[in-house]
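These are the residues of each chain, in order.
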There are 8 protein chains.
Amino acid sequence: MSETPGPDQRPDARTADLGFARVDLERAARTGDPEVVYGAGKTPEQVAAILTTLHTSHPDRAVLATRLSAEALVAAREAGATVHETARAATLGPLPVPRGRVGVLSAGTSDAPVAAEVALTVACHGSEPVEIRDVGVAGLHRLMAVRDRLDEVDCLVVVAGMEGALPSVVGGLTGTPLIAVPTSVGYGASFGGLAALLGMLNSCAPGVTVVNIDNGYGAGVAAARIARRSPDRAPR
Amino acid sequence: MSETPGPDQRPDARTADLGFARVDLERAARTGDPEVVYGAGKTPEQVAAILTTLHTSHPDRAVLATRLSAEALVAAREAGATVHETARAATLGPLPVPRGRVGVLSAGTSDAPVAAEVALTVACHGSEPVEIRDVGVAGLHRLMAVRDRLDEVDCLVVVAGMEGALPSVVGGLTGTPLIAVPTSVGYGASFGGLAALLGMLNSCAPGVTVVNIDNGYGAGVAAARIARRSPDRAPR
Amino acid sequence: MSETPGPDQRPDARTADLGFARVDLERAARTGDPEVVYGAGKTPEQVAAILTTLHTSHPDRAVLATRLSAEALVAAREAGATVHETARAATLGPLPVPRGRVGVLSAGTSDAPVAAEVALTVACHGSEPVEIRDVGVAGLHRLMAVRDRLDEVDCLVVVAGMEGALPSVVGGLTGTPLIAVPTSVGYGASFGGLAALLGMLNSCAPGVTVVNIDNGYGAGVAAARIARRSPDRAPR
Amino acid sequence: MSETPGPDQRPDARTADLGFARVDLERAARTGDPEVVYGAGKTPEQVAAILTTLHTSHPDRAVLATRLSAEALVAAREAGATVHETARAATLGPLPVPRGRVGVLSAGTSDAPVAAEVALTVACHGSEPVEIRDVGVAGLHRLMAVRDRLDEVDCLVVVAGMEGALPSVVGGLTGTPLIAVPTSVGYGASFGGLAALLGMLNSCAPGVTVVNIDNGYGAGVAAARIARRSPDRAPR
Amino acid sequence: MSETPGPDQRPDARTADLGFARVDLERAARTGDPEVVYGAGKTPEQVAAILTTLHTSHPDRAVLATRLSAEALVAAREAGATVHETARAATLGPLPVPRGRVGVLSAGTSDAPVAAEVALTVACHGSEPVEIRDVGVAGLHRLMAVRDRLDEVDCLVVVAGMEGALPSVVGGLTGTPLIAVPTSVGYGASFGGLAALLGMLNSCAPGVTVVNIDNGYGAGVAAARIARRSPDRAPR
Amino acid sequence: MSETPGPDQRPDARTADLGFARVDLERAARTGDPEVVYGAGKTPEQVAAILTTLHTSHPDRAVLATRLSAEALVAAREAGATVHETARAATLGPLPVPRGRVGVLSAGTSDAPVAAEVALTVACHGSEPVEIRDVGVAGLHRLMAVRDRLDEVDCLVVVAGMEGALPSVVGGLTGTPLIAVPTSVGYGASFGGLAALLGMLNSCAPGVTVVNIDNGYGAGVAAARIARRSPDRAPR
Amino acid sequence: MSETPGPDQRPDARTADLGFARVDLERAARTGDPEVVYGAGKTPEQVAAILTTLHTSHPDRAVLATRLSAEALVAAREAGATVHETARAATLGPLPVPRGRVGVLSAGTSDAPVAAEVALTVACHGSEPVEIRDVGVAGLHRLMAVRDRLDEVDCLVVVAGMEGALPSVVGGLTGTPLIAVPTSVGYGASFGGLAALLGMLNSCAPGVTVVNIDNGYGAGVAAARIARRSPDRAPR
Amino acid sequence: MSETPGPDQRPDARTADLGFARVDLERAARTGDPEVVYGAGKTPEQVAAILTTLHTSHPDRAVLATRLSAEALVAAREAGATVHETARAATLGPLPVPRGRVGVLSAGTSDAPVAAEVALTVACHGSEPVEIRDVGVAGLHRLMAVRDRLDEVDCLVVVAGMEGALPSVVGGLTGTPLIAVPTSVGYGASFGGLAALLGMLNSCAPGVTVVNIDNGYGAGVAAARIARRSPDRAPR
């Protein structure tokens, strides 16, 4: 970067410098999680380059790229990555053997991209996602139909927009650890997901924890960390 | 009021001037509703005086006073009014013969004062309140136990604080007109009832309408106006 | 959805699975209301497909699609639906025989789309809409000219943007049930309809209830549910 | 103030230093307005001392003290000032001969203190206040009864809490300059007067200008400055 | 509008119905102001049609159209109107003979469009605008250079974005009536003009009144109403 | 409650009715958690009565009461409960045998009450709390000194006020599940804990989940549910 | 702290444990600043104990205690500390020899406590405060009278409430480093200092930096760090 | 500007009038800083013209243009300016000889444009920027690796988005003056940088001062003013 006088960056053995980004190569050692590329604001070329660099440095485990534009999804596929359309994400390298199970509940089709990001993140971080869709609070009979399954997983991620009431209802039905993800689905006084976020933070069901609006990735990381600590259970 | 130069208030045959307030005497003719005294910010003496004035002008129908302090409740009782402790309200004069029924649902003991204000307002405005308590979303079995009763009333008022999810769940179970009342119950990111208010405004159950935070009176007026228009039904 | 490991969706007899959406086929039985397609975020093809599926499952009653893009309106028309330009909506199948009347008041031309959505929703949900336009608070003589008609309907829906004062003024003139719809019309400190929403929630006229910003659909559902419960009245 | 090292205040011929405050003695020369003491946060002794100091420096014109506590009102009276209970204010010295007239409209008894502060401020700043009370938007007949008088004044100040709709309605009836004062009257989603403030800023009646919440003083200053510029008119 | 059942609009002798809008023809009689077309959200054809209709109904006085897009400006010009580029506005018909003067102060080039809208509105509403530019608070010497001129006008309109401090400084220099217009100029924590709006509402200079963000039109109306009431003064 | 007409509450075998509250007796069966009394807004007598009732119904496991006033703490102690001063809480009955460990980190003495509520809740819900105090981000050496211990627990709860940065720093050091608790400690632009809440929701460390402001109880429930699922580990 | 199971706090040689607080003894070594006790929420006894402990550990330099209640000021004086009434603070031990000068500007008497806290903090942190009071933007002549002095200091701290315009005006007059402190002085739409804070963040004068509302301490620390780095200048 | 009647701008010897802007020619004399062109909202032609005008008036020192669009960068280059891509800025004329050093810390690649604007502004305002990148709080080892260098500069500017925690951590490691710059990097509850801004304002590290969101220019001005006052130090 020639335009600023006196830049100063000494090499760091634990990172790879791509010019536009310095890539952390030992994150897995520190936290047990894979490397992840946050695609928002990056060009398709940058996404492909980072995916390739990280994959080359450890071909034995997956790299995950999230929040990809349509163009970045194409570039990722051309770089050899597996593309996940609904989740707007891509993976390169083999997924880990899963341990434990994470239930991913969502209400409507609008929440599908966030729920898919949760599920894919869970799979990349070492646990098995189990998606349960179309269980909104305004149609309780559907939720009641899956009630028993809430106790068969090691962690629940509940994705909801608008008023964000689903985690409260689910949280009243089970003692399984539960992470709520507000989505920006809504209009007017939803204020871009704020209504759902506040609803979840004020849940009357105890033990509900919350992540940022649309942060399926963060919820997936947290859920996988919880589920993969679980003792083995008999296969379904 | 001698301190302001040039005040200018001509007498109005339709009001009674008490010095500190001008009381509207023909509200009932205009809207079919009783006179109501909003007690917040009024002294016990003022509350008692307005109650008495209004009662004298039409002894055949009730006057309602809401948001009364403990002292104002005492003054109202001494003025001959019936005091309603939980609702923090008082009535003077006979209640109208009810027409139609209004279901008043609430979740916790903290919501009780607002729910009681709804019920009393409904009774004063010409309909019959039916209270259903302890039906929070985190304990669905209780709500399911009263499910059939939701269709037996002409209007529902659903009172809830915290995340305000109850109207969404109830609204998914019935097509009865439904008015949601957010309460200021909560702390932190409930922001004095804002979370519940936003949740209700963004309800995924269609047809939910909302009033101001803690506005049990307003919800009661609206519900009674709806229910008392209903055709007669067989008594329970 | 092949990209997420372990999806899990068992068939449900009460819904039709279109791949991108599961369509609720028994909503009418539960609430007495028609099926509705919320068009925002759906492709024209999806809108047409859902309309057709729902219409096929019950050709005797209307399906309503709202918040349609120009392209979706075209697709709906080609699928045989009736298109309502101002309301940005479409219907497929015969409207129900109306019972009761709903007055729909609005102030300016900017509020027309929301008012039209209210009126169409009312018609689809079994009541008769009566639109009264150009009655803003800054021109009281127009409102006064329609004053008598406010008592001739079973429910009022009042649509207003900017400061949202119209419901307060109308609410002071009549005891008819009144639902207020804030619109996002305005700029600067209107904050996308927040000013109108807050104004309506704080209305000094008792009995005003409120829906989300621009939520003409929700107001129409609520109003029709109220009006269609009314006893028969003599035709106008 | 001995606790801070190195204070540095050189005497200024145009101010009087009372130790706890430096009093501006030539404000009138600069703006044509009287000196004013903002009483909030001042002790009764301080209020009395400033009143007396200012009065002594120009016994021929009034000093105004606003936002006085009950104790400060007593202290002001003992210092020889005229106390205005409703306005929570006091004046010392003769009021100026008024020029022009300012109409001060308000809706309910809760807005009375702010309206009284407006009226008194107008009188102190050289114009004649004309108070018109109990003209809320939910009772239009009262407002219509005073309609002709809106054009008989040189400026209007409209005081309202809750949804703050009154200025829009009044502004549609007249072309007289109009200043709106939101009050903190309300609860819940009124957010301490924010709803009224936003409503007034978004008024659909053109030409409405607004001051801070409860700022009767500011509105009175602005109104008097406008009205006292008016050409003479025949006395009422 | 054929898509909504039961529309209901009786003719009103005081308005002209253009199909997409009903135009108020007697506004001038009621308030002394000209008709104004708010162009936001209207097509160029609609703007031209309304301008022409209003001009035809009273060719002797101007019609003003504000908030015009580039295309609407072209259409207005083709319809015979005079176009004001900076103000993004157009006028059709002769301006009134001005009475009184309004000073319009602004700080930077970014505020120019709002200041120009103020000035043009003043001219259309019967007073003479006097623009004073480039007088930001961070360059006091420029403001001081025009200090004497602040007392030579009958009303001041002060336009400012960012922190909105200019009205406070100007208000401390003069007793002339002063209207502040916050603009949406700024970024980050200016929140679209909110910072400037709050700053102006909290001005320490008494008598400052405020309009909505970017509302040059509203400020111009208010200022002209004030200035044109002024007694004649000698020409400059 | 005699003041409201037509209350309607049928007995429910799974609850105990105390008049002022209906107590849920089978919560433990449903979620594996103990009964908890939320003390805010309850009288000392009510707290003592609920504690005793719940304890009597299952003397073999603890009841927890939180958010107790000083008076309620006294009443709880007199009822035989163990009082926890810092946590402002009380327990009655034996704590469960812990399984797994929860690290509770906090920065300053002001956060102590919330951290203590977390720790006590963890103990009541079946896990072992390990408190680590005085590890604020502005003194990294203290945090670094306990770094190895972050991996020795099954879940971390990080309590912080002001800017709420501690969870981000801790989350960068470990892959242990981490729940962040914002506290209302701060002033000015902390807005009662909002700054810390937003900071935690936007944490750059992946996998951080968040609860409501000051909600130590909720964080404790969530953490215990996670930790007690962990496989046995060797004792420290 | 006996009520929480399993607390865990190993001794740290660099701190002194007082039971209710752990006191940092080597802050000065790390940053060159004195120890400071934040008094809000601490009992008078705690304040006195911490002051004494810190003073004993290094009697050669001052300890500063801020935000003290009236009772804590008494306790501090009895412990031998010097009390600073206006700043609501106390110091124990000799102040450092000052290097460089910091100008502390404020507008009104209401801002005096914050300005005094700035000045005292500056003195405790090794520079010389120079207070300049009563220089509000609505009285520019006073500010102009001290204009030359703005360049005679090494750093400026500008304290202002309400609209917070003073830093913009001062920042336009000088290139001296300038720190702005918003105060919570104001009412209504000042929202506890938010208006002033936003105003300062949006200052049109470049180079203005800002601290939290009422954070005189933080501004004083920053200013002293800047000023004491300055090369020596000739004494005044 | 012909469309507004009565414009009024007298020539000012200290500015150059370009028609669309009046350029301040003596800013440097007043504050010691260079002229700066704020490019947002200006056309490429305007940017080039102002750069050229200012450069011609003083060819011996640099002019800085910030917030340039891609087109404006091209126009600036064609006008002879040096373009700084990352900073989206351009300079024309020789940079001053630097005095003192400013450390510019940032966490991620997303913050690079703001950090580059800081560095370039510092260089233009007479000090030497030293950039230190990739030191986010979630990877403390990188920050610890540069710890010693924090004391080798005269001022620090810390750039961070999301939760904005970096300034608190850095501020705990050093006593060097520190200016924090929140960036709009983030999504959901980051609210366009508000979360980072609030975090920095509430920093638990004393002495942190803050500028507006994304205001790299303002931080650079402040930092250079501080650093260039420093006494000479030995070269690195």
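Bear in mind the structure is a predicted one, so any value in this text is a computation, not a measurement.

This brings us to the relation of the copies chain A and chain F. Between chain A and chain F, the superposition needs a rotation of 180 degrees and an axial shift of 0.0 Å, giving an RMSD of 0.0 Å. In short, the pair behaves as if placed about a two-fold rotation axis. Both copies contact each other with a shared surface, as 100% of the interface residues of chain A are interface residues in chain F too.

Take the sheet that holds strand 5 (residues 82–84) of chain A next. All names here are of chain A. Read across the open sheet, the four strands follow the order 3-4-6-5; overall the sheet is mixed. The outermost strands of the open sheet, each flanked by one partner alone, are strand 3 (36–38) and strand 5. In this sheet, adjacent strand axes meet at a mean angle of 20 degrees when their direction is disregarded. Relative to strand 6 (residues 89–92), strand 5 runs antiparallel, the two being bridged by three bridges. In the sheet register, His84 faces strand 6, and the bridge partner there is Ala89.

Turning our attention to the packing of helix 4 (residues 112–124) of chain C against helix 8 (residues 216–227) of chain C. All names here are of chain C. Between helix 4 and helix 8, the shortest axis-to-axis distance is 8 Å and the interhelical angle comes to 35 degrees. You can see that helix 4 and helix 8 cross each other, and the crossing is right-handed. In contact with Val114, Glu117, Val118, Thr121 and Val122 of helix 4, helix 8 contributes Gly216, Tyr217, Ala219, Gly220, Val221, Ala223 and Ala224. Each residue belonging to the contact of helix 4 with helix 8 can be placed in one class, and the counts come to eight nonpolar, three polar and one charged.

Okay, the environment of Val159 of chain B next. Residue and element names in this part refer to chain B. Summarising the element assignment, Val159 is placed in strand 9 (residues 155–160). You can call Val159 buried: its relative accessible area is 0%. Considered as a pair, Val159 and His125 are 34 residues apart in the sequence and their alpha carbons are 19 Å apart. When sequence neighbours within four positions are dropped, the list of residues in contact with Val159 reads Leu105, Ser106, Ala107, Asp111, Val114, Ala115, Val118, Leu166, Val181 and Thr183.

Residues and elements named next belong to chain D. By the element assignment, Ser184 lies in the loop between strand 10 (178–182) and helix 7 (194–201). Taking the C-alpha atoms as reference points, Ser184 and Ala195, separated by eleven residues in sequence, lie 9.1 Å from one another. Within the local environment of Ser184, its side chain forms a polar contact with the side chain of Asp214, the two groups lying 2.7 Å apart.

Glancing now at the interface of chain A and chain F. On the side of chain F, 33 residues touch chain A, which itself brings 33 residues to the contact. Between chain A and chain F lies a buried interface of about 2,600 Å² when both sides are counted; carbon and sulfur atoms form 54% of it. It is Leu201, Pro206 and Arg229 of chain A in chain A that bury the most area against chain F; as a group they hold 25% of the surface buried on that side. Counting the contacts that link chain A with chain F gives two salt bridges. As a salt-bridge pair, Asp154 of chain A and Arg229 of chain F come within 3.5 Å of each other at their nearest N and O atoms. Scanning the region where chain A abuts chain F turns up twelve residue pairs in polar contact (both at pLDDT 80 or more). The dominant element in the side of chain A that touches chain F, judged by the number of residues it contributes, is helix 8 (residues 216–227) of chain A, at six residues. For the side of chain A that touches chain F, a count of residues per class yields 15 nonpolar, eleven polar and seven charged.

Residue and element names in this part refer to chain A. It is the contact of helix 2 (residues 44–57) with helix 3 (residues 70–78), at a shortest axis distance of 8 Å, that shows an interaxial angle of 35 degrees. Two packed elements cross with a definite hand, and for helix 2 against helix 3 that hand is right-handed. Note on element contacts: helix 3 touches helix 2 through Glu71, Ala72, Ala75 and Ala76, opposite Pro44, Val47, Ala48 and Leu51. Split by residue class, the contact of helix 2 with helix 3 holds seven nonpolar, no polar and one charged.

It is worth spelling out the pattern of salt bridges at this point. Oppositely charged side chains can form a pair if their charged atoms are brought close together. Throughout the structure, instances matching the rule amount to 64 salt bridges over all chains. Of the charged contacts, one joins Arg61 of chain B and Glu35 of chain B as a salt bridge, the two residues approaching to 3.2 Å between their closest N and O atoms. One end of the pair, Arg61 of chain B, is in the loop between helix 2 (44–57) and strand 4 (63–66); the other, Glu35 of chain B, is in the loop between helix 1 (27–31) and strand 3 (36–38), with 26 residues separating them in the sequence. Arg61 of chain B sits in the partly exposed class, given a relative accessible area of 26%. Owing to a relative accessible area of 2%, Glu35 of chain B belongs among the buried residues under this scheme. Three or more residues are tied together by salt bridges with common partners; here these are Asp33, Arg225 and Arg228 of chain A.

Okay, helix 4 (residues 112–124) of chain A next. For helix 4 of chain A, built from 13 residues, the straight-helix expectation of 18 Å at 1.5 Å per residue is met to within 8% by its first-to-last C-alpha distance of 18 Å. Within helix 4 of chain A, the full set of buried residues consists of Val114, Ala115, Ala116, Glu117, Val118, Ala119, Leu120, Thr121, Val122, Ala123 and Cys124 of chain A.

Quick look at the packing of aromatic side chains now. Counted by the stated rule, this structure contains eight aromatic pairs over all chains. Ring centres 6.3 Å apart and planes at 25 degrees place the aromatic pair Tyr38 of chain B and Tyr187 of chain D in the stacked group. Residue Tyr38 of chain B is located in strand 3, and its partner Tyr187 of chain D is located in the loop between strand 10 and helix 7; the two belong to separate chains. What makes Tyr38 of chain B partly exposed here is its relative accessible area of 33%. Directly above the aromatic system of Tyr187 of chain D lies the positively charged group of Arg67 of chain B, at a separation of 4.2 Å from the ring centroid.

On to the pairing of strand 9 (residues 155–160) of chain A, then. Residue and element names in this part refer to chain A. Across the six residues that make up strand 9, a large majority, six, are buried. Along strand 9, one buried face is formed by Cys155, Val157 and Val159 and the opposite face, lined by Leu156, Val158 and Ala160, is buried too. As paired strands, strand 7 (residues 101–106) and strand 9 are joined by five bridges and run parallel to one another. When the bridges of strand 9 are listed, Leu105 appears paired with Val158. As paired elements, strand 9 and strand 10 (residues 178–182) share five bridges and run parallel to each other. Along strand 10, the bridge assignment pairs Val158 with Ala180. In this fold, the crossover linking strand 9 to strand 10 by way of helix 6 (residues 166–171) has right-handed handedness.

To continue, consider the domain arrangement of chain A. Residues and elements named next belong to chain A. Segmentation of chain A into domains returns domain 1 (15–92) and domain 2 (101–228). Just the C-alpha atoms count here: the centres of domain 1 and domain 2 sit 25 Å apart. Contacts between domain 1 and domain 2 engage 15 residues on the former and 14 residues on the latter. Buried area between domain 1 and domain 2, summed over both chains or domains, comes out near 1,200 Å², and the portion from carbon and sulfur atoms is 60%. Summed over the shared surface of domain 1 and domain 2, the result is three salt bridges. Here Arg225 makes a salt bridge to Asp33, at a shortest N to O gap of 2.5 Å. For the interface between domain 1 and domain 2, the tally reads three residue pairs in polar contact (both at pLDDT 80 or more).

The subject of this paragraph is the sheet that holds strand 6 (residues 89–92) of chain F. All names here are of chain F. What the four strands build is an open sheet, ordered 3-4-6-5; its pairing is mixed. For this open sheet the edge positions go to strand 3 (36–38) and strand 5 (82–84), each flanked by a neighbour on one side alone. With strand direction ignored, the average angle separating the axes of adjacent strands in the sheet is 20 degrees. Of the strands in this sheet, strand 4 (63–66), strand 5 and strand 6 are in contact with helix 4 (residues 112–124), which crosses strand 4 at around 165 degrees.

Let us now look at unusual backbone geometry. A positive phi angle, near 50 degrees, is found at Met162 of chain A, a position not held by glycine. Here Met162 of chain A shows up in the loop between strand 9 and helix 6. The partly exposed category is assigned to Met162 of chain A, whose relative accessible area is 27%. Residue Asp134 of chain E is not a glycine yet carries a positive backbone phi of 60 degrees.

Calculation criteria
Residues numbered from 1 in each chain as written. Chains lettered and ligands numbered in written order. Predicted model: local features only at pLDDT ≥ 70, side-chain atom pairs only at ≥ 80, totals over all residues. Heavy atoms only, no water. Least-squares fit on C-alpha atoms with pLDDT ≥ 70 in both. Contact = heavy atoms within 4.5 Å. Pairing = 2+ DSSP bridges. Helix = DSSP H or I, 4+ residues; strand = E, 2+ residues; numbered from the N terminus. Axes fitted to C-alpha atoms, helices over the stretch in contact; angles between N-to-C directions. Left-handed = near helix turned anticlockwise from the far one by under 90°. Nonpolar A, V, L, I, M, F, W, Y, C, P; charged D, E, K, R; others polar. Buried < 20%, exposed > 50% of the residue type's maximum accessible area, 1.4 Å probe, protein only. Polar contact = N/O pair within 3.5 Å; in protein donor to acceptor, adjacent residues only side chain to side chain. Buried area = accessible area lost by both parts, 1.4 Å probe. Salt bridge = Lys/Arg side-chain N within 4 Å of Asp/Glu carboxyl O. Expected span 1.5 Å × (residues − 1). Phe/Tyr/Trp six-rings, centres within 6.5 Å; stacked < 30°, edge-to-face > 60°. Lys NZ or Arg CZ within 6 Å of the ring centre and 35° of its normal. Right-handed = clockwise from strand over helix to strand, strands pointing away. Domains from an automatic or database assignment.

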